[in-house]
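If you want the building blocks of each chain, they are given just below.
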Amino acid sequence: MDRELDGAPLTAPLLELDGLTVAVTVAGRSVTVVDGLAFALGTGETLGLVGESGSGKTMTALAIMRLLPPAARIAGGRVQLAGEDLAALDEGAMRRRRGRRVAMIFQEPITALDPVMTVGNQIAEVLVAHDGLTRRQARAEAMALLDAVGIALPAARLDEYPHRLSGGMRQRIGIAAAIAARPALLIADEPTTALDVTVQAEIVDLLLELQARLGMAILVISHNLGLISELADRIAVIYAGRLVEIGAATDVLAAPAHPYTRGLIAATPRIGGPRGRLATIPGMVPGFAESAVGCRFAPRCTLAFDRCRSEVPALAAAAGGRHAACHLVAAEVGP
């Protein structure tokens, strides 16, 4: 991976995606949904992966975890975690890494948790599988984990079933199960979806506290720029499966280089901001089966010109250490 073009991580890379490509078979046809994605994430760092629904964020996370649906597959590239290519592992080897080296918080905890298992058993099975604890030891550790993620009366909650708990509590339980084996990398896919504002803030604070305590890296996936601004050290923006901008969170949010990033920020409501209708990005994210000639954002971009519609832009350096895949950015920087 070209270190000059990927928005360098804050520390030595823990996770490196190098040309990750994910394809889905639809009606007998192979369709690319993640297209040559490349970025790195440092140890103990948080990277925010941002984009509209349908941009390929969750498919990227599932590819890293090797949990893609049956119709999808990794069609190219590498997913290196601490120098080991997860994409090349057989399922048995990947199962041993999943939970221990990399874990995931899913955006719908009610569907991610097993409805017929108590929450204590769901956390305990991670500890039995990865740490070799006895059931008694795992139950005691599960209770400690529930306490660590802010569950009141953890001893009483061990034998509860997920449907009896609130959305915020289910999300905390999902976090407890994800961190049980102390993974080096935690993937959080829309971790505050469907939670009220107060609970969202609590989950953000919890993730920051756990990261400081455990030293894990976090890949947080969201379309919520407010959430990303609270959590992320750097931001990677993807559109229709392609990386369009990457850089320090403060730089990207304050002075975005790519027209798509600017559109996302302009469409974000702000407390105390001007009254009236929110800005919108015209059009919709293209379907992955549609033609992908040139810049995929060109049909929605008010700054597009002929070259945008015929040539895919490469990542180019922009001010502040950012990189953006835009012909206008490349023209400003020059050869």
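Going along each chain's sequence as written, the residues are numbered from 1 onward. Where local features are concerned, this predicted model is filtered to residues with pLDDT of at least 70; where side-chain atom pairs are given and counted, the filter is 80 or more; whole-chain, interface and lining totals use all residues. Only heavy atoms go into the side-chain values, all of them from the structure, while hydrogens and water stay out.

Trainee: Kindly report on the sheet that holds strand S1 (residues 13–26), identifying the contributing residues and their values.
Mentor: The rule for pairing is simple: two strands pair if DSSP sees at least two bridges between them. By definition, any uninterrupted DSSP run of H or I lasting at least four residues is a helix, any uninterrupted run of E lasting at least two residues is a strand, and each is numbered from the N terminus. Strand order in the open sheet made by the four strands is S2-S1-S4-S5, with antiparallel pairing throughout. Because the sheet does not close on itself, it has two edges, and the strands there are strand S2 (29–42) and strand S5 (84–85). Bridge count between S1 and strand S4 (residues 72–81): eight bridges; the pairing is antiparallel. Along S4, the bridge assignment pairs valine 22 with isoleucine 74. Here, residues are in contact when the closest pair of their heavy atoms is within 4.5 Å. Axes here mean lines fitted to C-alpha atoms, for a helix over just the part in contact, with angles spanning 0 to 180 degrees between N-to-C directions. Across the sheet, helix H1 (residues 57–65) is in contact with S1, S2 and S4; its angle to S1 comes to roughly 110 degrees.

Trainee: Help me get a handle on the packing of helix H4 (residues 119–131) against helix H5 (residues 135–148), residues and values and all.
Mentor: As a packed pair, H4 and H5 sit with axes 8 Å apart at the nearest point and diverge in direction by 120 degrees. As for how H4 packs across H5, the hand of that crossing is right-handed. Across the interface between the two elements, Gly120, Ile123, Ala124, Glu125, Leu127 and Val128 from H4 touch Arg135, Ala138, Arg139, Glu141, Ala142, Leu145 and Leu146 from H5. Three classes are used, and their members are as follows: Ala, Val, Leu, Ile, Met, Phe, Trp, Tyr, Cys and Pro are nonpolar, Asp, Glu, Lys and Arg are charged, and the others, Gly among them, are polar. Of the residues assigned to the contact of H4 with H5, the class counts are eight nonpolar, one polar and four charged. Whether a crossing is left-handed or right-handed is set by the direction in which the near helix is turned from the far one by less than a right angle, anticlockwise for left-handed and clockwise for right-handed.

Trainee: Hey, could you go over the packing of aromatic side chains for me, with residue numbers and the actual values?
Mentor: The geometry of an aromatic ring pair comes down to the distance between the two centres and the angle between the two planes. Paired rings are identified among Phe, Tyr and Trp, the last through its six-membered ring, by centres lying within 6.5 Å, and are further divided according to the angle between planes into stacked (under 30 degrees), edge-to-face (over 60) and tilted (the rest). Taken as a whole and judged by the stated rule, the model has three aromatic pairs. Grouping aromatic residues by their ring pairs yields a cluster made of Tyr239, Tyr260 and Phe297.

Trainee: I'd like to hear about the pattern of salt bridges, residue by residue, with values.
Mentor: Criterion for a salt bridge: a side-chain nitrogen of Lys or Arg within 4 Å of a carboxyl oxygen of Asp or Glu. For the structure on display, the rule yields 17 salt bridges. Here arginine 139 and aspartate 159 are joined by a salt bridge, their closest N and O atoms 3.0 Å apart. Of the two residues, arginine 139 sits in helix H5 while aspartate 159 sits in the loop between helix H6 (154–157) and helix H7 (167–179), which places them 20 residues apart along the sequence. Among the charged side chains, a salt-bridge network with shared partners connects Glu91, Arg95 and Arg98.

Trainee: Account for the pairing of strand S9 (residues 234–239), naming residues and giving values.
Mentor: With six of six residues buried, S9 lies mostly within the body of the structure. One ladder, built from four bridges, connects strand S3 (residues 46–50) with S9; its direction is parallel. Within the sheet, the bridge partner assigned to leucine 49 lies in S9 and is alanine 236. Two elements, S9 and strand S10 (residues 242–248), share six bridges in a ladder whose sense is antiparallel. Along S10, the bridge assignment pairs valine 237 with glutamate 245. In sequence, S9 turns back onto S10 through a hairpin of two residues, with alanine 240 there showing a positive phi of about 50 degrees. The buried label applies to any residue whose accessible area, calculated with a 1.4 Å probe on protein chains only, is under 20% of its type's maximum; exposed applies above 50%, and partly exposed to all values in between.

Trainee: For unusual backbone geometry, give the residues involved together with the corresponding values.
Mentor: In this structure, arginine 66 is a non-glycine residue whose phi angle is positive, near 60 degrees. With respect to the helices, strands and loops of the structure, arginine 66 is situated in the loop between H1 and S4. A relative accessible area of 22% means that arginine 66 is categorised as partly exposed.

Trainee: So what's going on with the sheet that holds S3? Residues and values would help.
Mentor: In spatial order, the strands read S6-S7-S8-S3-S9-S10-S12-S11; together these eight strands make up an open sheet with mixed pairing. The sheet terminates laterally at strand S6 (102–105) and strand S11 (315–317), the two strands that pair on one side only. Geometrically, the sheet is characterised by an average inter-axis angle of 20 degrees between neighbouring strands, direction not taken into account. Bridging between S11 and strand S12 (residues 323–325) involves three bridges; their strand directions are antiparallel.

Trainee: So what's going on with the pairing of S4? Residues and values would help.
Mentor: Both S4 and S5 contribute to a ladder of two bridges, which runs antiparallel. Bridge assignment links glutamine 80 to a residue of S5, and that residue is aspartate 85. Between the end of S4 and the start of S5, which pair antiparallel, lie two residues, with alanine 82 showing a positive phi angle near 55 degrees.

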